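For reference, the chains in residue letters:
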Amino acid sequence: MAKMRKKSELPSKICETCNLPFTWRKKWERDWDSVRYCSERCKRSKGKAGA
């Protein structure tokens, strides 16, 4: 079983659409390296400016 971590110890990235930081989530466990957006909304509006 995995070791429990504090939220502040989780890895984080910057969203390519909104430029805000987001932290690791359990659902991204297998493909964290390929995650580029903080949400589905940012993923859908990736080509639009000022999202």
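What counts as what
- Residues numbered from 1 in each chain as written.
- Predicted model: local features only at pLDDT ≥ 70, side-chain atom pairs only at ≥ 80, totals over all residues.
- Heavy atoms only, no water.
- Helix = DSSP H or I, 4+ residues; strand = E, 2+ residues; numbered from the N terminus.
- Buried < 20%, exposed > 50% of the residue type's maximum accessible area, 1.4 Å probe, protein only.
- Areas by Shrake-Rupley, 256 points an atom, 1.4 Å probe, with all protein chains shown as cover.
- Core = buried A, V, L, I, M, F, W, Y, C linked by side-chain atoms within 4.5 Å.
- Contact = heavy atoms within 4.5 Å.
- Salt bridge = Lys/Arg side-chain N within 4 Å of Asp/Glu carboxyl O.
- Polar contact = N/O pair within 3.5 Å; in protein donor to acceptor, adjacent residues only side chain to side chain.
- Phe/Tyr/Trp six-rings, centres within 6.5 Å; stacked < 30°, edge-to-face > 60°.
- Lys NZ or Arg CZ within 6 Å of the ring centre and 35° of its normal.

K.L.:
How do you make sense of the overall build of the protein when you look at a structure like this?
P.N.:
Scanning the protein from terminus to terminus reveals one helix and two strands. Mapped from its N terminus to its C terminus, the protein presents α and β elements in the order β-β-α. Here the protein holds 51 residues, and the buried ones make up 20% of them. As displayed, the protein has an accessible area near 4800 Å², and 50% of this comes from carbon and sulfur atoms.

K.L.:
Could you clarify how one ought to interpret the nonpolar core in this entry?
P.N.:
Proteins that are soluble and globular tend to have nonpolar side chains buried together. With eight residues, the main nonpolar core is built from C15, F22, W28, W32, V35, Y37, C38 and C42. Residues contacting F22, with those up to four places away along its chain left out, are P11, S12, K13, I14, C15, W28, W32, V35, R36, Y37 and C38.

K.L.:
I'm lost on the environment of K7 in this one. Help?
P.N.:
Relative to the helices and strands, K7 is located in the segment before β1 (12–14). Along the sequence, K7 and T23 sit 16 residues apart, while their C-alpha atoms lie 8.3 Å from each other.

K.L.:
I'm lost on the pattern of salt bridges in this one. Help?
P.N.:
Think of it this way: side chains of opposite charge can pair up when their charged atoms draw near. This structure, assessed with the given rule, holds two salt bridges. Two residues, R36 and E16, come together in a salt bridge whose shortest N-O distance is 3.1 Å. With R36 in the loop between β2 (21–23) and α1 (40–44) and E16 in the loop between β1 and β2, the pair connects residues that are 20 residues apart, well separated along the chain.

K.L.:
Explain the environment of R25 here, please?
P.N.:
Structurally, R25 is set in the loop between β2 and α1. Residues R25 and S12, 13 residues apart in the sequence, show an inter-C-alpha distance of 9.5 Å.

K.L.:
Help me out: how do you make sense of the side chain of T17 in this one?
P.N.:
Here T17 lies in the loop between β1 and β2. Within the structure, T17 has its side chain in polar contact with the backbone oxygen of C42 (distance 3.1 Å).

K.L.:
It is not clear to me how the packing of aromatic side chains should be interpreted in this structure. Could you clarify?
P.N.:
One pair of aromatic rings is described through two measures. These are the centre distance and the angle between the planes. As enumerated under the stated definition, the model contains three aromatic pairs in all. Ring geometry for F22 and W28: centres 5.5 Å apart, planes at 75°, overall edge-to-face. Plain terms: the ring middles of F22 and W32 are 6.0 Å apart, the flat faces sit at 70° to each other, and that makes the pair edge-to-face. Of this pair, F22 sits in strand β2 while W32 sits in the loop between β2 and α1, placing them ten residues apart in sequence. Assigned by exposure class, F22 and W32 land together as buried. A connected cluster of aromatic rings, assembled from ring pairs, spans F22, W28 and W32. Over the ring of W32 we find K13; its NZ or CZ atom is 4.6 Å from the centre of that ring.

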